[in-house]
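Structure at a glance
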Amino acid sequence: SPDPGSWEGRYIAANGSALEVGSEIFYWYQSGDPPRIGLARSMDGRLWRKDSQPVLRLGPRGSWDEGAAADPCVVRYGEYLYMFYLGDDRARRQRLVVARSRDGTVWWKHRRNPVLELGDAAAFDEQGLGEPAVWASHGRYWMLYTGRDRAENRRLGLAWSTDGVTWKRWSGNAVLAGDRPWNAKVVCDPSVEVEGGRVQVWYGGGDVAHPAENIHGQIGRATLFLEPAETPTVKK
């Protein structure tokens, strides 16, 4: 729960990312107004202590994340931790960016940010990107992310990378969109579990095109097949 007397104010989001770091469980989460990214730690997953200040602050004036830093996804590759997150600039463009850390508390933002720009005009992700879920398989890095169009419909896009910094969309279309009444307007916030050539995807769904509230949200599941890698397919 948020601490109104701290930097969190009265706002804390469910969007977060957990990872074992040393002998502890680290959980990065977004909170505050404007949103920034904080860190909570636990030895057993039940008792948690929060750092007193955000571990990822807003960027300087004119930067890609001067307005907000949100939706963290943290993964470990080699000796480093990488945080993919939503950066909001002064023009209210929500794009995906990355930072790197050795210990999960001190982060360096990559100079080549943002790593994934807005989609083309009339694309499913022309209005904003967020909620990345990143993993490695089949000799590549992969990312599912939420894309927003101008009508606030949300769908999931797929991108890939060979180095974790330079990302390409798999196509200009969403890889997962709602096709049932309960998720007709919103498919968002993916979480993944890799099982060989299959990626199990859990996501939020809703029947109202709104960025945050009153979407009658429910949880859905789909399977993304990456074999062969040239033709990813989704089974719901």
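This section reports on the structure supplied with the text. Residue numbers here run from 1 along each chain, matching the order of that chain's written sequence. The model is predicted, so local features are restricted to residues of pLDDT at least 70 and side-chain atom pairs to those at 80 or more, both for listing and for counting; the totals for chains, interfaces and linings are taken over all residues. Values reported for side chains reflect all heavy atoms of the structure, with hydrogen atoms and water molecules removed beforehand.

A separate point is the overall build of the protein chain. Secondary structure elements are defined from DSSP: runs of H or I of at least 4 residues count as helices, runs of E of at least 2 residues count as strands, and each element is numbered from the N terminus. When helices and strands are tallied, the protein chain shows 0 helices and 16 strands. The C-alpha atoms of the protein chain give a radius of gyration of 17 Å, which matches the 18 Å a tight globule of 236 residues would have. Judged by the C-alpha coordinates and their principal axes, the protein chain covers about 45 × 35 × 35 Å. Throughout, exposure labels follow a simple rule: accessible area from a 1.4 Å probe, protein chains only, divided by the maximum for the residue type, with under 20% read as buried, over 50% as exposed, and the rest as partly exposed. Evaluated residue by residue, the protein chain yields a buried proportion of 48% over its 236 residues. We compute the radius of gyration from the C-alpha atoms alone; for a globule the expected value is 2.2 Å times N to the 0.38, where N is the number of residues.

This brings us to the sheet that holds strand 5 (residues 68-77). Here 4 strands make up an open sheet; going across it, the order is 5-6-7-8 and the pairing antiparallel. If you trace the sheet from one side to the other, it starts and ends with strand 5 and strand 8 (108-109), each paired once. When DSSP locates at least two bridges between a pair of strands, those strands are taken to pair. Here strand 5 pairs with strand 6 (residues 80-88) via 8 bridges, running antiparallel. Bridging across to strand 6, Ala70 finds its partner in Leu86.

Turning to the side chain of Glu152, a few remarks are in order. Looking at the element boundaries, Glu152 is found in the loop between strand 10 (140-148) and strand 11 (154-161). In this structure Glu152 comes out as buried when scored by relative accessible area, which is 17%. Any two residues whose heavy atoms approach within 4.5 Å at even a single point are treated as in contact. Setting aside residues no more than four positions away along its own chain, Glu152 makes contact with Lys185, Ala209, His210 and Pro211.

Here the focus is the nonpolar core. Among buried residues, those of type Ala, Val, Leu, Ile, Met, Phe, Trp, Tyr and Cys that are joined through side-chain atoms within 4.5 Å constitute a nonpolar core. If you look at the biggest cluster of nonpolar residues, it comprises 16 residues, and the most contacted ones within it are Trp28, Leu56, Met83, Tyr85 and Trp107. Contributions of two or more residues to this core are made by strand 1 (12-21), strand 2 (24-31), strand 3 (36-42), strand 5, strand 6 and strand 7 (94-101). For Met83, the contacting residues outside a window of four places in its chain are Trp28, Ile37, Leu56, Pro72, Cys73, Val74, Val97, Val98, Ala99 and Trp107. Membership of the second largest hydrophobic core comes to 15 residues, among which are Cys73, Ala159, Val165 and Trp167.

Turning to the pattern of salt bridges, a few remarks are in order. Salt-bridge detection follows one rule: a side-chain nitrogen of Lys or Arg within 4 Å of a carboxyl oxygen of Asp or Glu. Enumeration over the complete set of coordinates arrives at 17 salt bridges. Glu24 serves as the salt-bridge partner of Arg49, at 2.8 Å between the closest nitrogen and oxygen. Note that Arg49 is positioned in strand 4 (residues 48-50) and Glu24 in strand 2, a separation of 25 residues in sequence. A relative accessible area of 46% places Arg49 in the partly exposed class. In this structure, Arg148 engages Glu152 in a salt bridge whose closest nitrogen and oxygen atoms are separated by 2.9 Å. Judged by its relative accessible area of 14%, Arg148 falls in the buried class.

Turning to the environment of Thr162, a few remarks are in order. Summarising the element assignment, Thr162 is placed in the loop between strand 11 and strand 12 (167-169). Of the residues examined, Thr162 reaches a relative accessible area of 61% and is grouped as exposed.

Ring pairs (aromatic) are described by centroid distance and by the angle formed between their planes. Only Phe, Tyr and Trp rings are paired, with Trp represented by its six-membered ring, and only when their centres lie within 6.5 Å; those with planes under 30 degrees apart are stacked, over 60 edge-to-face, the remainder tilted. Evaluation of the coordinates by the stated rule reveals 12 aromatic pairs. Ring centres of Trp142 and Trp170 lie 5.4 Å apart, and the angle between their planes is 40°; this geometry places the pair in the tilted category. Of this pair, Trp142 sits in strand 10 while Trp170 sits in the loop between strand 12 and strand 13 (186-195); the two residues are 28 residues apart in sequence, bridging distant segments of the chain. By relative accessible area, which is 28% here, Trp170 ends up partly exposed. Ring pairing ties together the aromatic residues Trp7, Tyr27, Tyr29 and Trp48, which thus form one cluster. In our convention, an over-ring charge means Lys NZ or Arg CZ found within 6 Å of a ring centre and within 35 degrees of that ring's normal. Over the ring of Tyr80 we find Arg100, and its NZ or CZ is 3.9 Å from the ring centre. Taking the ring centre of Trp160 as reference, the NZ or CZ of Arg140 above it sits at 4.2 Å.

With that out of the way, let us pick up the environment of Pro190. Structurally, Pro190 can be placed in strand 13. Classification of Pro190 by relative accessible area gives buried; the value is 5%. Placed 19 residues apart in sequence, Pro190 and Ala209 show a C-alpha to C-alpha distance of 17 Å. Filtering out sequence-adjacent residues up to four positions away, Pro190 remains in contact with Glu131, Ala133, Leu144, Thr146, Leu156, Val201, Trp202 and Tyr203.

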